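# Examining the three-dimensional arrangement
Listed below are the residues making up each chain.
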Amino acid sequence: QVQLLESGGGSVQAGGSLRLSCAVSGNTYGIYYVTWFRQAPGQKREGVAAITLHSDVTTYADSVKGRVTVSRDKDKNTVDLQMNNLKPEDTGMYSCAATTFIWSPLEDNEYKYWGPGTQVTISS
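Calculation notes
- Residues numbered from 1 in each chain as written.
- Predicted model: local features only at pLDDT ≥ 70, side-chain atom pairs only at ≥ 80, totals over all residues.
- Heavy atoms only, no water.
- Salt bridge = Lys/Arg side-chain N within 4 Å of Asp/Glu carboxyl O.
- Helix = DSSP H or I, 4+ residues; strand = E, 2+ residues; numbered from the N terminus.
- Disulfide = S-S within 2.5 Å.
- Buried < 20%, exposed > 50% of the residue type's maximum accessible area, 1.4 Å probe, protein only.
- Contact = heavy atoms within 4.5 Å.
- Pairing = 2+ DSSP bridges.
- Axes fitted to C-alpha atoms, helices over the stretch in contact; angles between N-to-C directions.
- Core = buried A, V, L, I, M, F, W, Y, C linked by side-chain atoms within 4.5 Å.

Turning our eyes to something else, we now look at the pattern of salt bridges. Overall, the coordinates contain eight salt bridges when judged by the stated rule. Between Arg19 and Asp80 there is a salt bridge, with its nearest N and O atoms 3.4 Å apart. With a gap of 61 residues between them, Arg19 in strand S3 (residues 18–26) and Asp80 in strand S8 (residues 78–83) connect regions that are remote in the sequence. Salt-bridge contacts for Asp56 lead to Arg72; the nearest nitrogen and oxygen are separated by 2.4 Å.

In structure tokens, the structure reads:
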């Protein structure tokens, strides 16, 4: 099994930055994508950024392009999400998920493994 654990969430003012980290452990054989999702209360879960576990190919939601960078730290076995110029609409529970190969990595329905999430709150 694959275990995912997010960290780095917190509260920051609009325009600020935050770096989230997803620690990946367990049996990652066959895992293709590790992806950051977010969900605000009453809203659907939204894919933010995905990265392939072995080749570092990235996919971003249009809403965060230019403000967010997803990367892998191979030594620490983490997938990190650097978020800059944060906006109040970025507020939500940010969760890390992993899946074998799928065609649409920002869709959440086929992900098998999820972390518990870390809260991000952006104030205006």
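The discussion continues.
Here the structure, examined in full by the defined rule, presents one disulfide. Disulfide partner of Cys22: Cys96, at an S-S distance of 2.1 Å. With the S-S bond torsion at -85°, the cross-link from Cys22 to Cys96 turns out left-handed. Of the two residues, Cys22 is situated in strand S3 and Cys96 in strand S9 (residues 92–99); the sequence distance between them amounts to 74 residues. Taken as a pair, Cys22 and Cys96 share a single burial class, namely buried.

This part is about the side chain of Thr99. Tracing the backbone through its elements, the reader meets Thr99 in strand S9. With residues near it in sequence (within four places) discarded, Thr99 still touches Ile31, Tyr32, Tyr33, Glu110 and Tyr111.

By the secondary structure assignment, Val48 is in strand S5 (residues 46–52). Sequence separation between Val48 and Gly92 is 44 residues, and the spatial gap between their C-alpha atoms is 11 Å. Contacts of Val48, omitting those with residues within four sequence positions, involve Trp36, Phe37, Arg38, Thr59, Tyr60, Ala61, Val64, Val68, Leu81, Tyr94 and Leu106.

Only one face of strand S1 (residues 2–7) is buried: it carries Val2, Leu4 and Glu6, and the other face, with Gln3, Leu5 and Ser7, is open. Judged from the six bridges that link them, S1 and S3 form a sheet pairing that is antiparallel. Looking at the pairing, Val2 lines up with Gly26 of S3.

Turning next to the sheet that holds strand S7 (residues 68–73). As summarised here, the arrangement of the four strands in space is S1-S3-S8-S7, forming an open sheet in which the pairing is antiparallel. Only two strands of the sheet have a single partner each, and these edge strands are S1 and S7. The sheet shows a mean angle of 20° between the axes of neighbouring strands, taken without regard to direction. In this structure, S7 lies alongside S8, joined through six bridges in antiparallel fashion. In the sheet register, Ser71 faces S8, and the bridge partner there is Asp80.

Moving on to the nonpolar core. In terms of nonpolar packing, the biggest core is built from 28 residues, with Trp36, Leu81 and Met83 touching the most fellow members. Contributions of two or more residues to this core are made by S1, S3, strand S4 (33–39), S5, S7, S8, S9 and strand S11 (118–123). The dominant element in this core, judged by the number of residues it contributes, is S3, at four residues. Setting aside residues no more than four positions away along its own chain, Met83 makes contact with Gly16, Ser17, Leu18, Leu20, Arg67, Val68, Tyr94 and Val120.

So far we have only geometry, and geometry alone does not tell us how the molecule works.
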